[in-house]
Amino acid sequence: MTAPVAHAAEAGAGADLLFDEAFLRRLGQLELASRRLTAGRMKGERRSVRRGQSVEFADYRNYSAGDDLRQLDWNVYARLERLFIKLFVEEEDVTVHVLVDASRSMDFGEPNKLTFARRAAGALAYLGLAHLDRVSIAFLGEGRAVSLRPLRGKARVFEVFRFLSEPRPERLTGLAAAARDYASRIRGRGPLILVSDLLDPGYLDALRDLAGTRCQLSVLHVLAPEELDPDVPPDARLVDNETGHGIEVTGDDDLVDRYRTRLGEWQEEIAAFCARRGGAYVSVPSDLDLADLLFDVLRRRRVIE
């Protein structure tokens, strides 16, 4: 395996996303779960809906004139005196979609949510590239999706890292319109992972459009520690960093309790929405160690196997 850590100069602006060789070696032993069978575009390592030449038996069908006689099952013929052709599973690639919310609300927190999302997206993209899948990466913001052309093979990992490291000009989210824009352009299907704080009025519409693509949806809901456990001064002005709108509040225990209750209800609502559509919802604080996310949390949620 080529060690990306040894080629930092090649990564250029993507050097911030480089992982050390031991991390990548460990990461390469995993793969993104793809439980929905789909037809790929090229040979790969995933079970396909097509029949092909792998060693995994799939089914029988009646013999027809012109079929390859080497595929006849003579044991079945000996028992039934009927000719059947053995069919085998084809192994093809899938398309892995990794979408990062690049709106201004993501550029917040300590650790910064967008920085965390970029690194998580880079690691997830590497998983796809390492297993011969096609990988499509996109930033969502300002009501549109800015994507990198689909890539395949570990040698393209630096293109992914450079793209993910680019400064983002987006301010407003427009998550519903951005998700719809990306969904309308999907050609290959497979795992689709959205990394977002979902701080947008259209978040359910966005999830509905992405789930409607027949991709396997997973939502990594990233919130900063300050958003999960806020410390509000007695006299505070809260400002939306996307719209600039502010509101005066009196910070006390009652306010914080009501905030935590509403936050929990909101997370449960999104989790239920994803579950109804066969997707996975994962609440992720931005101070979570990336290794814990990949090797523990996402494996337990069966986003990674």
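Now for a look at the structure at hand. Small disclaimer: the values here were computed from a predicted structure and weren't measured.

Cut-offs and rules
- Residues numbered from 1 in each chain as written.
- Predicted model: local features only at pLDDT ≥ 70, side-chain atom pairs only at ≥ 80, totals over all residues.
- Heavy atoms only, no water.
- Pairing = 2+ DSSP bridges.
- Helix = DSSP H or I, 4+ residues; strand = E, 2+ residues; numbered from the N terminus.
- Axes fitted to C-alpha atoms, helices over the stretch in contact; angles between N-to-C directions.
- Parallel < 35°, antiparallel > 145°, perpendicular 65-115°, else oblique.
- Left-handed = near helix turned anticlockwise from the far one by under 90°.
- Contact = heavy atoms within 4.5 Å.
- Nonpolar A, V, L, I, M, F, W, Y, C, P; charged D, E, K, R; others polar.
- Salt bridge = Lys/Arg side-chain N within 4 Å of Asp/Glu carboxyl O.
- Buried < 20%, exposed > 50% of the residue type's maximum accessible area, 1.4 Å probe, protein only.
- Arc of directions from axis to C-beta.

1. What about the sheet that holds strand E4 (residues 134–141)?
Then, in step 1: In spatial order, the strands read E5-E4-E3-E6-E7-E10; together these 6 strands make up an open sheet with mixed pairing. Each of the sheet's edge strands pairs with one partner strand only, and the pair in question is strand E5 (144–152) and strand E10 (280–285). The sheet shows a mean angle of 15° between the axes of neighbouring strands, direction not considered.
Then, in step 2: Taken together, the 7 bridges between E4 and E5 define a ladder with antiparallel strand orientation. Following the sheet pairing, Leu140 is matched in E5 by Ala145.

2. Description of the packing of helix H4 (residues 113–130) against helix H10 (residues 290–300)
Then, in step 1: It is the contact of H4 with H10, at a shortest axis distance of 10 Å, that shows an interaxial angle of 55°. Taken together, the axes of H4 and H10 lie oblique to each other. Viewed along their axes, H4 and H10 form a crossing whose handedness is right-handed. Taken together, the residues of H10 that come into contact with H4 (itself represented by Phe116, Arg119, Ala120, Ala123 and Leu124) are Leu290, Leu293, Leu294 and Leu298.
Then, in step 2: For the contact of H4 with H10, a count of residues per class yields 8 nonpolar, no polar and 1 charged.

3. Some thoughts on the pattern of salt bridges
Then, in step 1: Taken as a whole, this structure holds 13 salt bridges when the rule is applied.
Then, in step 2: When the shortest N-O distance is used, the salt bridge between Arg149 and Glu159 registers 3.0 Å. Taken together, the residues span a long stretch of sequence, with Arg149 in strand E5 and Glu159 in helix H5 (residues 157–165) at a distance of 10 residues.
Then, in step 3: Looking at Glu159, the relative accessible area reads 22%, which means it is partly exposed.
Then, in step 4: A salt bridge links Asp209 to Arg180, with the shortest nitrogen-to-oxygen separation between them at 3.3 Å. Here Asp209 is found in helix H7 (residues 203–211), whereas its partner Arg180 is found in helix H6 (residues 175–183), with 29 residues between them in sequence.
Then, in step 5: Arg180 sits in the partly exposed class, given a relative accessible area of 45%.
Then, in step 6: Here the salt bridges share partners, and the residues they tie into one network are Lys113, Asp197 and Glu227.

4. As for unusual backbone geometry
Negative phi values dominate among residues other than glycine, just as trans dominates among peptide bonds.
Then, in step 1: With an omega of 5°, the peptide bond between Glu110 and Pro111 qualifies as cis.
Then, in step 2: Its location among the elements puts Pro111 in the loop between strand E3 (95–101) and H4.
Then, in step 3: The backbone phi angle of Leu132 is positive, close to 65°, even though this residue is not glycine.
Then, in step 4: Along the chain, Leu132 turns up in the loop between H4 and E4.
Then, in step 5: The phi dihedral of Glu142 falls on the positive side, at around 55°, and the residue is not glycine.

5. A closer look at the packing of H6 against H7
Axes are the key here: two packed helices are described by the angle between their axes and the distance separating the axes.
Then, in step 1: Axis separation between H6 and H7 bottoms out at 7 Å; the angle between their running directions is 10°. Relative to H7, the element H6 lies roughly parallel. Only Tyr203, Asp205, Ala206, Asp209 and Leu210 of H7 make contact with H6, whose side of the interface consists of Leu175, Ala176, Ala179, Arg180 and Ala183.
Then, in step 2: Classifying every residue of the contact of H6 with H7 gives 7 nonpolar, no polar and 3 charged.

6. Considerations on H6
Then, in step 1: Buried within H6 we find Leu175, Ala176, Ala178, Ala179, Tyr182 and Ala183. Taken around the axis of H6, the buried residues stretch over an arc of 165°, which confines them to a single face.
Then, in step 2: Those residues of H6 that are buried are in contact with E3, E4, E5, strand E6 (191–196) and H7.

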